[in-house]
Amino acid sequence: MTTNVLGLVAVLTGIITAWLVGIAINLVSEQISTMAPRWATISLHAAARRLPASARDRYAEEWAADLDVIDGPVARLWFACRVWISARSLRREWLRAQPSAIATLDLRRRRLVSVTVKVEDVDAAEAVLLGLGHRPTRFDLSVGQPDSPTVDRIQLDFTHGVTKTAVLNDLHSKGIEVWGWGELVPWDRATGVEPECSRAEPPDDWFFGR
Amino acid sequence: MPRSSFARTALLAAFLEDPTEPAYGLDLAKRADLASGTIYPLLARMEGDGWVTSEWEDTDPVDAGRPRRRYYRLTPDGARAARAELTAAQRRIGMVNPNAIGGLA
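Residues numbered from 1 in each chain as written. Chains lettered and ligands numbered in written order. Predicted model: local features only at pLDDT ≥ 70, side-chain atom pairs only at ≥ 80, totals over all residues. Heavy atoms only, no water.

(A) Representation of the interface of chain A and chain B. Tallying the contact residues gives 20 residues for chain A and 23 residues for chain B. When chain A packs against chain B, close to 1,900 Å² is buried across both sides, 57% of that on carbon and sulfur atoms. Summed over the shared surface of chain A and chain B, the number is 3 salt bridges. The set of elements that each furnish at least two residues to the side of chain A that touches chain B consists of helix 2 (53-69) and helix 3 (73-97) of chain A. Among the elements that line the side of chain A that touches chain B, the one with the most residues is helix 2 of chain A, at 10 residues. In terms of residue class, the side of chain A that touches chain B is made up of 10 nonpolar, 2 polar and 8 charged. (Contact = heavy atoms within 4.5 Å. Buried area = accessible area lost by both parts, 1.4 Å probe. Salt bridge = Lys/Arg side-chain N within 4 Å of Asp/Glu carboxyl O. Helix = DSSP H or I, 4+ residues; strand = E, 2+ residues; numbered from the N terminus. Nonpolar A, V, L, I, M, F, W, Y, C, P; charged D, E, K, R; others polar.)

(B) Summary view of the sheet that holds strand 2 (residues 52-56) of chain B. In space, the 3 strands of this open sheet follow the order 1-3-2 (chain B), with antiparallel pairing throughout. Two strands close off the open sheet at either side, each with one partner strand: strand 1 (23-24) and strand 2 of chain B. Bridge analysis of strand 2 of chain B against strand 3 (residues 70-74) of chain B gives 5 bridges, and the strand direction is antiparallel. Its bridge partner being in strand 3 of chain B, B:Val52 is matched across the sheet by B:Leu74. Along the sheet face, helix 2 of chain A touches strand 1, strand 2 and strand 3 of chain B and points at about 95° away from the line of strand 3 of chain B. (Pairing = 2+ DSSP bridges. Axes fitted to C-alpha atoms, helices over the stretch in contact; angles between N-to-C directions.)

(C) Focus on the packing of helix 3 of chain A against helix 3 (residues 36-48) of chain B. Between helix 3 of chain A and helix 3 of chain B, the least distance of the axes is 7 Å, while the angle of their chain directions is 15°. Taken together, the axes of helix 3 of chain A and helix 3 of chain B lie roughly parallel to each other. The way helix 3 of chain A lies across helix 3 of chain B gives a crossing that is right-handed. Contacts between helix 3 of chain A and helix 3 of chain B pair A:Phe79, A:Arg82, A:Val83, A:Ser86, A:Ser89, A:Leu90, A:Glu93, A:Arg96 and A:Ala97 from the former with B:Ser36, B:Gly37, B:Thr38, B:Tyr40, B:Pro41, B:Ala44, B:Arg45 and B:Gly48 from the latter. Tallied by class, residues from the contact of helix 3 of chain A with helix 3 of chain B come to 7 nonpolar, 6 polar and 4 charged. (Parallel < 35°, antiparallel > 145°, perpendicular 65-115°, else oblique. Left-handed = near helix turned anticlockwise from the far one by under 90°.)

(D) Examining the packing of aromatic side chains more closely. Inspection of the entire model under this criterion finds 5 aromatic pairs over all chains. Arranged with centres 5.6 Å apart and planes meeting at 40°, the rings of A:Tyr59 and A:Trp63 form a pair that is tilted. Residue A:Tyr59 and its partner A:Trp63 are both found in helix 2; the two are separated by 4 residues, about one turn of the helix. By relative accessible area, A:Trp63 is classed as buried at 0%. Each ring, one from B:Tyr24 and one from B:Tyr71, has its centre 5.9 Å from the other, and the planes form 85°; the classification is edge-to-face. Placement of B:Tyr24 in strand 1 and of B:Tyr71 in strand 3 is noted, with a sequence separation of 47 residues between them. A residue is classified by how much of its surface remains accessible, and B:Tyr24, at 13% relative accessible area, is buried. Through pairs of rings, three or more aromatic residues link up here, namely A:Tyr59, A:Trp63, A:Phe79, A:Trp94 and B:Tyr40. Looking at B:Arg8, its charged tip hangs above the ring of B:Trp51, at a distance of 4.6 Å from the centre. (Phe/Tyr/Trp six-rings, centres within 6.5 Å; stacked < 30°, edge-to-face > 60°. Buried < 20%, exposed > 50% of the residue type's maximum accessible area, 1.4 Å probe, protein only. Lys NZ or Arg CZ within 6 Å of the ring centre and 35° of its normal.)

Take a look at the structure:
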């Protein structure tokens, strides 16, 4: 008798559990279906933000158009996730393909002044090579032009006193993104007097953007 | 010649199905049977190498009711190089049949 009751309770418990699990799965899948479009959009925006500024608008629009073709919220979310994952690789390819803006300038008669730079994604090993004991931040660097400039060669003046000369494209090939803005102004090398930078915000036609 | 890979070879083959027909990224990914995320870095590299050009479709997003698509097309140099790379890839895997590649003969 007791065994029969226990068996009945076990069967009922199993049925109720299966029913509850079914409801939970249904709720979760409904929730995912409801949220997936928004998550997909957020993922694509996040992916675009991983790209250089010059590529963001283009790919954001391109991805939005491709997303529009896909049927089903989960498939769309999957697409957006894959795009986000590949954004770093895309950024590398984009940077590799773009001619350096600074390479087109005549650096012999002008000098880069008051540049704000941002350095991203420098791994620990690279930070050591650059003479830093920690992961570089935008406050660690200013970019200047060496006294004997060559095209695309920049001088990195670290706030802790170390100066390094680097080739811009070498930095990019190592996955280091350097971007900044500033003014190119006439500079009298005879007197060595540097002009002051008058801008507080990046100009619309910033000459040095990555 | 750029380093080849399965994904790259698949993409080139998809392009060569109809070299003159422009295609957007997701369409190429489907034709090449590639993951959607893989296609954009590959296209960016090919564009940087001059194998591919891209342009926005000539349509108004408001009229079309959807965002503009970015269409990719092989350049003449890219088509030649792609055929050569595909032929080389086929030889590497023992499928020596250059005539199987559209337009090679």
